[in-house]
Amino acid sequence: MKLQLSDSNIGKYIRIFGIAALFTGAAILFYSCENNIEQIKAFYSTENLPILEATNFETLFTDSGKISYSLKAPKLMRFEDEGRNYIEFPEGMELIKFDNNKRIISSITADYAKQFVAEDKWEAKNNVIATNAQGDTLKTEHLIWEEKKEIIYTEEYVKIIRIDQIITGVGFTSDEKLQNWKIKNPKGTIYVSVNTENQQNDLSEPAPENSSNTPKPANGQLQFSN
């Protein structure tokens, strides 16, 4: 038996089908839009955006009315993340410390750095180079400086270059002035000769490594520079 539909019935079914399709399309569109809105909200969430951003940033910090250090950075971004404020330097920074007579006593440069404001804590990464007033240089890929405790440390590989020797190891702790430092796992010491006529290091044929030698602590304040 064949089902026969009159013109009026055909129109009725067409209208019903059209209304159903309309509601189905609207539901799909609403669901899609809802998902897109959630994605947009997540993308533009204020948690992912800095509350302050600056380029070619330069400033001076004072302590008791005296300049304590200066800071330079190609880019600075300040974030507030669940009450923990921090400043990020994604393109690196240079931090120079002064004494009471405005003489440079320390500095730090790195390709990336972060300052945790409340903790007075700095974290430097990638191509971190530290050199004290006597010219001793510390190189590592990760370094932490805690201002309140006046200490610096890392668990990464370090290289300390002095006027007459190169010391390597893993793990490093020191006071801010790099006067009393210790390598947790020393790897060795290479002794070099010094060309006094040219007032610069002359790296001659290095002697064999000798990990039994305990490096003598440097005297002077920690200075970070390229």
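Analysis parameters
Chains are numbered independently. Their residues run from 1 in the order of the written sequence. Given that the model is predicted, a residue must reach a pLDDT of at least 70 before its local features are reported, and side-chain atom pairs must reach 80 or more before they are shown or counted; all residues, however, enter totals for whole chains, interfaces and linings. Calculated side-chain values reflect all of the structure's heavy atoms, with hydrogen atoms and water omitted. We call a set of buried residues a nonpolar core when its members are Ala, Val, Leu, Ile, Met, Phe, Trp, Tyr or Cys and they connect through side-chain atoms within 4.5 Å of each other. Buried, partly exposed and exposed residues are distinguished by accessible area as a fraction of the type maximum, computed with a 1.4 Å probe on protein chains only: under 20%, between the cut-offs, and over 50%, respectively. Here a residue-residue contact requires only that any non-hydrogen atoms of the pair lie within 4.5 Å. A pocket here means an open set of points on a 1 Å grid, computed over the protein atoms alone, that has protein on both sides within 12 Å along at least five of seven lines. A cavity is instead a set of points where a 1.4 Å probe fits but cannot get out; residues with an atom within 4 Å of a point line either one. Grid points are joined across faces, edges and corners, and a volume is the space filled by probe spheres set on the points. Strands are runs of DSSP state E lasting at least two residues, helices are runs of H or I lasting at least four, and both sets are numbered from the N terminus onward. Charged means Asp, Glu, Lys or Arg here, nonpolar means Ala, Val, Leu, Ile, Met, Phe, Trp, Tyr, Cys or Pro, and polar covers whatever is left, Gly included. One bridge is not enough; two strands pair if DSSP finds at least two bridges between them. Note on aromatic pairs: the rings of Phe, Tyr and Trp (six-membered ring only in Trp) are paired at centre separations within 6.5 Å, and the planes decide the class, stacked below 30 degrees, edge-to-face beyond 60, tilted for the rest. Should the NZ of a Lys or the CZ of an Arg lie within 6 Å of a ring centre and within 35 degrees of the ring normal, that charge is described as sitting over the ring. You can read pLDDT as the predictor saying how much it trusts each residue, on a scale of 0 to 100. Any carboxyl oxygen of Asp or Glu that lies within 4 Å of a side-chain nitrogen of Lys or Arg is treated as forming a salt bridge with it.

Participant: An account of the nonpolar core is needed here, citing residue identities and associated values.
Facilitator: Ranked by size, the top nonpolar core spans 26 residues in total, and within it F89, M93, L95, W122 and F172 carry the most contacts. When near neighbours in sequence (up to four residues on either side) are disregarded, L95 contacts Y69, S70, L71, S106, S107, I108, W122 and W145.

Participant: I'd like a description of the layout of surface pockets, backed by residues and values.
Facilitator: In this structure, the second largest pocket occupies an estimated 260 Å³ of space. Surrounding the second largest pocket, F61, T62, D63, S68, Y69, K97, W145, E147, E150, D175, E176 and K177 form its lining. Elements supplying a minimum of two residues to the lining of the second largest pocket: strand 1 (52-63) and strand 2 (66-81). Here the lining of the second largest pocket takes three residues from strand 1, the largest share from any one element. Partitioning the lining of the second largest pocket into residue classes produces three nonpolar, two polar and seven charged.

Participant: Can you explain the pairing of strand 8 (residues 137-146)? Please cite residues and give values.
Facilitator: For strand 8, a buried count of eight out of 10 residues is recorded, marking the element as mostly surrounded by other parts of the structure. Where strand 7 (residues 121-131) meets strand 8, nine bridges bridge the pair, whose relative direction is antiparallel. By the bridge assignment for strand 8, K121 is matched with E146. Taken together, strand 7 and the strand that follows it, strand 8, pair antiparallel across an intervening segment of five residues, in which G135 is found at a positive phi of about 95°. Pairing between strand 8 and strand 9 (residues 151-161): seven bridges, direction antiparallel.

Participant: Explain the packing of aromatic side chains residue by residue, including any values.
Facilitator: Inspection of every chain in the model, using the stated rule, returns six aromatic pairs. When the ring of F79 is compared with that of Y86, the centres are 5.2 Å apart and the planes differ by 15°; the resulting orientation is stacked. The pair formed by F79 and Y86 is uniform in burial state, with each residue classed as buried. An aromatic cluster is built from F79, Y86 and F116, whose rings are joined through pairwise contacts. Across from the ring centre of Y86, 4.7 Å away, lies the NZ or CZ of K114, which sits over that ring.

Participant: Which residues make up the confidence of the model for the protein, and what are the values?
Facilitator: Taken as a whole, the protein shows an average pLDDT of 74; of its residues, 65% reach a score of 70 or greater. Across the protein, strand 6 (residues 112-116) holds the top mean pLDDT of 95, while strand 13 (residues 200-201) sits lowest at 46.

Participant: I'd like a description of the pattern of salt bridges, backed by residues and values.
Facilitator: Any two side chains of opposite charge can pair if their charged atoms end up close together. Taken as a whole and judged by the stated rule, the model has five salt bridges. For K125, the salt bridge identified is with E123, shortest N-O distance 3.9 Å. According to the relative accessible area criterion, E123 is buried, its value standing at 17%. Two residues, R162 and D136, come together in a salt bridge whose shortest N-O distance is 3.6 Å. Of the two residues, R162 sits in the loop between strand 9 and strand 10 (165-175) while D136 sits in the loop between strand 7 and strand 8, which places them 26 residues apart along the sequence.

Participant: Account for the pairing of strand 5 (residues 104-110), naming residues and giving values.
Facilitator: Summarising burial for strand 5: six of the seven residues are buried, a large majority. For strand 4 (residues 93-98) and strand 5, the ladder comprises six bridges, and the chain directions are antiparallel. In the strand pairing of strand 5, F98 is matched with I104. From the end of strand 4 to the start of strand 5, which pair antiparallel, there are five residues, and K102 there has a positive phi angle of about 65°.

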